[in-house]
Amino acid sequence: MTERTTRRNFIITSVAVAGGIVGGTALQENASNTATPPATMPERLLGSTGVKVPIFGLGGAGQTPLSQEGKEKDSVTIIEKALQLGIRYFDTAASYGPSEDYLGKVLPAHRSKLFLASKTDKRDRDGAWRELERSLKRLQTDHLDLWQLHHVSFTNELDTIFSASGAIKAMEEAMQQKLIRFTGITGHHDPKVIAEGLRRYPFHTTLIPVNAADKYHPRPFLPVVLPVAQQKNVGVIAMKVPAYGRLFKPGGLQGMEQAMGYSLSQPGVHCCVIAAETVKQLEGNVNVARAFQLLNKKELAAIEQRTAKIWEDSTFFRAWT
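In what follows, the accompanying structure is described. Just so you know, these numbers come straight off a predicted model, no measurement behind them.

**Topic: the pairing of strand β9 (residues 235-239)**
Working step 1: With five of its five residues buried, β9 lies for the most part within the structure.
Working step 2: Covered by surrounding structure in β9 are Gly235, Ile237 and Met239 together with Val236 and Ala238, the residues of both alternating faces.
Working step 3: Examined bridge by bridge, strand β8 (residues 205-209) and β9 share five bridges and lie parallel to one another. Bridge assignment links Ile208 to a residue of β9, and that residue is Ala238.
Working step 4: Chirality of the crossover, the property in question, places the unit of β8, helix α8 (residues 222-231) and β9 among those that are right-handed.
Working step 5: Sheet topology places β9 next to strand β10 (residues 271-274); two bridges connect them, and they run parallel. Paired with Ala238 across the bridge in β10 is Cys272.

Here it is as structure tokens:
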């Protein structure tokens, strides 16, 4: 038995034991609290994965208890409510504070019905492997549906990732061992870097900023990344949809209907992930996703116009690397 096979078996065995302890009670409690089946939201095929995902998923970082220490109770409440509302897509990362731990306290009992995504910001093979092992243990699962290279910002990072000892080796080995199903690349700094990453490797997905304000940035993501993603049938996941609420400043967008509607109406965008500060906010976002209808060109142009004077404050995240 090889070292890697032994490692995989150890991870799976450890997770199975922990998942059995943590997950059983949660399933019974949620079953008793759900009198009627949750309403469904639209789904879309995620690029070349062959998997249909809801157009809205719960983000695990940002302005949410899920990424804050000491907020386990609030986080568990939000995660349990998300499940009750029919959310099946959960997005997190190794670097999102306690996010993976919080999700791991609730999701194992429902794992077979979920699409679970995490990320690593390590660029070398060994560092990425260590983070994958930790993510699996924290999430109490034996596999991820999607494992992504986190916030790739510079070309030299791509060179390291695709080197002989780069993180892409960990991704390929993890797929071979069925520890992950799909691979992705994410970024919110330079769209040319993400597009180049998609040209260099057959990633299944990319997670990028998609909102009306980004149109006005000197280096907008949509016209640079979407053509490459569409050519290669890459699943495109929208992030920074409301720009941490900055799009709702006076004179800006009127609400999540416009923010989410804009992002999900872009050709080639398959779904979005948005964090929630409270259960009430989560419920509102789910209602918007359930009622989503494609916006026409006139409606999209009107939304873009509303962000024209607030775009600089709303693309603050573009400076992050």
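**Considerations on the packing of helix α9 (residues 256-264) against helix α10 (residues 279-290)**
Working step 1: In the contact formed by α9 and α10, the axes pass within 10 Å of each other and the chain directions differ by 50 degrees. In terms of axis orientation, α9 runs oblique to α10. As for how α9 packs across α10, the hand of that crossing is right-handed. Along the contact surface, α9 presents Met256, Glu257 and Met260, while α10 presents Asn285, Val288 and Ala289.
Working step 2: Taken together, the residues that form the contact of α9 with α10 break down as four nonpolar, one polar and one charged.

**What to know about the sheet that holds strand β6 (residues 144-149)**
Working step 1: What the eight strands build is a closed barrel, ordered β3-β4-β5-β6-β7-β8-β9-β10; its pairing is parallel. On average, each strand axis in the sheet is tilted by 30 degrees relative to the strand beside it, whichever way the strands run.
Working step 2: Pairing of strand β5 (residues 115-120) with β6, which is carried by four bridges, proceeds in the parallel orientation. Within β6, the position partnered with Ala117 by the bridge is Leu146.
Working step 3: Lying on the sheet, helix α7 (residues 191-200) is in contact with β7 (180-186) and β8; it crosses β7 at an angle near 145 degrees.

Rules of the game
Residues numbered from 1 in each chain as written. Predicted model: local features only at pLDDT ≥ 70, side-chain atom pairs only at ≥ 80, totals over all residues. Heavy atoms only, no water. Buried < 20%, exposed > 50% of the residue type's maximum accessible area, 1.4 Å probe, protein only. Helix = DSSP H or I, 4+ residues; strand = E, 2+ residues; numbered from the N terminus. Pairing = 2+ DSSP bridges. Right-handed = clockwise from strand over helix to strand, strands pointing away. Axes fitted to C-alpha atoms, helices over the stretch in contact; angles between N-to-C directions. Parallel < 35°, antiparallel > 145°, perpendicular 65-115°, else oblique. Left-handed = near helix turned anticlockwise from the far one by under 90°. Contact = heavy atoms within 4.5 Å. Nonpolar A, V, L, I, M, F, W, Y, C, P; charged D, E, K, R; others polar.

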